[in-house]
Each structure stands twice: as structure tokens, then as C-alpha cells.
Amino acid sequence: MTTLNVSLDADGIASVEMARPDVFNAFDERMIAELDEAFTALSANDAVRVILLKGQGKAFSAGADLQWMKRASVASHADNLADAQRFAGMLATVAHCPKPTIACVQGLALGGGVGLVAACDFAVAAEDARFAVSEVKFGILPSVIGPYLVNAVGKRVALQLALTARRFDAHEARSIGLVHQVVAREALDTTARAIIDSLLQNGPTALAEVKALYGRLHAGPVDGDVRELTAQTIARVRMTAEAKEGFDAFLNKRPPAWMGAAQ
């Protein structure tokens, strides 16, 4: 890959690093395709337990590459639609990844970079991180990232951020739910590692099931369809080999098999 550095360690921790520091890891057609390819491959790899998403250099991601946007502005509607669908597909691949995902944010996260943060399960930000949903400044709008932003911070806050395009700091990002922890820049890796260590104690299939189920749940009335979905899900999962191992390990006061790499 030419825009990403992808690695996997012996503990099953995958790292996807955006590697265009000269343009603050702004993404174009190639990076979008490579992010989709990387997350698709890691999602299907049984050796992968957790995925870290990072940006090389001073910034996490400045969002869309303006040269890419300029090319799109003179393309046909059909080409623009196909291009936007590829971007939407990449974000969905990140958001629906069955492995837990952690965004480690330093420097700038603008526009689509905010979308990537919102699409991850966990987000840790350095104290120097700055965010903006900046699309309206360029005469466009945060459309593809919109659903992920709404899910992360709520509709009213997402609308306010999209309308003003104002910059805000890491502590405000935490207060609205866009990120979960704010730490010194040098503590980003150790903070992410603490999250990873807690995840490695849990059944990998169970984690994937949590993501799949909660991806279908919405705040609101718990009607018959929702009750049936949750009942069907737990009935199926209780019968898996992983569940049987978990029950046996607990009753016999021993670590479950999946903790072998985490001990």
C-alpha cells in the first residue's frame, strides 16, 4: 500500500497508520480504497483482535484532500456519485468492522477525519488535538460522515458543528462524546494499550457479536421486534464453543483460552 502502513503484532493488535504526513494525512481516492482494503482484510483475519487507526506525523487527518475535491467538482454526476459511494463504503467498512477499533488522534482531525474518529468504537485524543466539521467552508457539506457524527454526539450537536464549522479542542470533543479520553500526546500509546488489555480479556467472538447487535439497536421503545432480536441473539451465542469455554473457565477459576496472548 502506498498511503498506509499496516502491521499486526503477535498479540493480534493491528495498526493502520495513514501515511501522507506532507498533506496532514488528507485522504484521496487511493487512500479511501486502501483504507477499505485494509479494514476488509483485517476484519476477515482471525488472528486480529483489535485495530488501531493512527495518523503519521503532526496530524491525525485533515479530511478530504482538496485536490481530490477539485477533481470531483469538474467530474460528471455519475462519476461523483460513484466516488462518493466508495467513500461511504469505506466508512461503513470501518464502522461495521467486527474487531474493536481505536482511533488515536493527535493534531488536526478535520472534516472526514472527524468522520473516521466517529466511525471507530473508541477514540483517544492528545491534548493538542483540534477538531472541525469544516465542509461548509468549502461550499459542500458533511454528508457521508453525517450518520456517524450523529451517532457519536447526537443530532443537535452534530448539526451545530456542521453549520458553524468551528474548531474545538480535545476537551470539548470529550464532553460531547466524540472522544473518550484526553491525555498528553506522549501517553497516547499507553492509554490505547490499556484499552487493548481490557479488550483482550474478553471473548473475541463475543466482542464481534456485541458490535453486530448494538449496531442494530437504537434509542427508543423496546418493542416486540427488538425483544425478539435480543432473545434470538443470546440464545444462539450461549451455545457457541466460546461461551462454553467462558463458562467452564469461570467455574473452574482459570483464565479462558482466548487470554493466552494477553496474560
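Residues numbered from 1 in each chain as written. Predicted model: local features only at pLDDT ≥ 70, side-chain atom pairs only at ≥ 80, totals over all residues. Heavy atoms only, no water.

Caption draft 1: The arrangement of the overall build of the protein chain in detail. Helix and strand content of the protein chain: 11 helices and 9 strands. Relative to the globule expectation of 18 Å for 263 residues, the C-alpha radius of gyration of the protein chain, 19 Å, shows essentially globular dimensions. Seen through its principal axes, the protein chain has C-alpha atoms that stretch 65 × 45 × 35 Å. When the 263 residues of the protein chain are sorted by exposure, 44% land in the buried category. Long-range pairs, those at least 24 residues apart, make up 70% of the contacts in the protein chain with a sequence separation of at least 6. When the accessible surface of the protein chain is summed, it comes to about 13700 Å², and 57% of that surface belongs to carbon and sulfur atoms. (Helix = DSSP H or I, 4+ residues; strand = E, 2+ residues; numbered from the N terminus. Rg over C-alpha atoms; globule rule 2.2 N^0.38 Å. Buried < 20%, exposed > 50% of the residue type's maximum accessible area, 1.4 Å probe, protein only. Contact = heavy atoms within 4.5 Å. Areas by Shrake-Rupley, 256 points an atom, 1.4 Å probe, with all protein chains shown as cover.)

Caption draft 2: Quick look at the packing of helix α4 (residues 112-119) against helix α5 (residues 146-153). Interaxial distance between α4 and α5 falls to 8 Å at its minimum, and their mutual angle equals 55 degrees. Classified by the angle their axes make, α4 and α5 are oblique. Between α4 and α5 lies a crossing of left-handed hand. Contacts between α4 and α5 pair Val114, Gly115, Ala118 and Ala119 from the former with Tyr148, Leu149 and Ala152 from the latter. (Axes fitted to C-alpha atoms, helices over the stretch in contact; angles between N-to-C directions. Parallel < 35°, antiparallel > 145°, perpendicular 65-115°, else oblique. Left-handed = near helix turned anticlockwise from the far one by under 90°.)

Caption draft 3: Seen up close, the pairing of strand β2 (residues 13-18). Counting buried residues along β2, 5 of its 6 residues qualify, which places the element largely inside the surrounding structure. With 5 bridges joining them, strand β1 (residues 4-8) and β2 adopt antiparallel strand pairing. Looking across to β2, one finds that Leu8 is bridged to Ala14. Between β1 and the antiparallel strand that follows it, β2, lie 4 residues; Gly12 among them carries a positive phi value of about 85 degrees. Note that the unit made of β2, helix α1 (residues 29-44) and strand β3 (residues 50-55) has a crossover that is right-handed. (Pairing = 2+ DSSP bridges. Right-handed = clockwise from strand over helix to strand, strands pointing away.)

Caption draft 4: Fine view of α4. Burial analysis of α4 places 8 of its 8 residues in the buried class, which makes it a mostly covered element. Considered for burial, the residues of α4 that qualify are Gly112, Gly113, Val114, Gly115, Leu116, Val117, Ala118 and Ala119.

Caption draft 5: Layout of the packing of aromatic side chains. Throughout the structure, instances matching the rule amount to 4 aromatic pairs. Between Phe27 and Phe87, the ring centres sit 5.3 Å apart and the planes meet at 40 degrees, which makes this aromatic pair tilted. Here the residue Phe27 occupies a position in the loop between β2 and α1, and Phe87 occupies one in helix α3 (residues 77-95), the gap between them amounting to 60 residues. Members of the aromatic cluster, each reached through a chain of ring pairs, are Phe27, Trp68 and Phe87. (Phe/Tyr/Trp six-rings, centres within 6.5 Å; stacked < 30°, edge-to-face > 60°.)

Caption draft 6: Just the sheet that holds strand β4 (residues 101-105), in detail. If you trace the 6 strands from one edge of the open sheet to the other, you get β1-β2-β3-β4-β6-β9, paired in mixed fashion. Because the sheet does not close on itself, it has two edges, and the strands there are β1 and β9 (181-183). Averaged over neighbouring strand pairs, the angle between their axes works out to 20 degrees when direction is ignored. With respect to the sheet, α4 is in contact with β2, β3, β4 and β6 (122-126), its orientation differing from that of β4 by roughly 140 degrees.

Caption draft 7: The arrangement of the packing of α5 against helix α6 (residues 155-164) in detail. Running from amino to carboxyl end, α5 crosses α6 at an angle of 125 degrees, the nearest separation of the two axes being 7 Å. By the angle class used here, α5 and α6 are oblique. Pair α5 / α6 crosses with right-handed handedness. Every residue of α6 that contacts α5 at Leu149, Val150 and Val153 is listed here: Lys155, Val157 and Ala158. Classifying every residue of the contact of α5 with α6 by side-chain character gives 5 nonpolar, no polar and 1 charged. (Nonpolar A, V, L, I, M, F, W, Y, C, P; charged D, E, K, R; others polar.)

Caption draft 8: Geometry of helix α11 (residues 241-251). Residues Glu242, Ala243, Gly246 and Ala249 constitute the buried set of α11. Down the axis of α11, the buried set is contained in an arc of 130 degrees. They therefore lie on one face. Residues of α11 that are exposed and angled more than 90 degrees away from the buried face: Ala241, Lys244 and Leu251. Turning to α11, the residues buried within the fold contact α9 (204-214) and α10 (224-237). The first or second residue beyond α11 is Lys253, which carries a positive phi of 55 degrees. (Arc of directions from axis to C-beta.)

Caption draft 9: Focus on the nonpolar core. Judged by nonpolar contacts, the single largest core of 50 residues is most densely connected at Leu35, Leu53, Phe60, Val105, Phe131, Leu178 and Val179. Formed by 15 residues, the second largest nonpolar core is a distinct cluster that contains Ile102, Ala192, Ile196 and Leu200. (Core = buried A, V, L, I, M, F, W, Y, C linked by side-chain atoms within 4.5 Å.)

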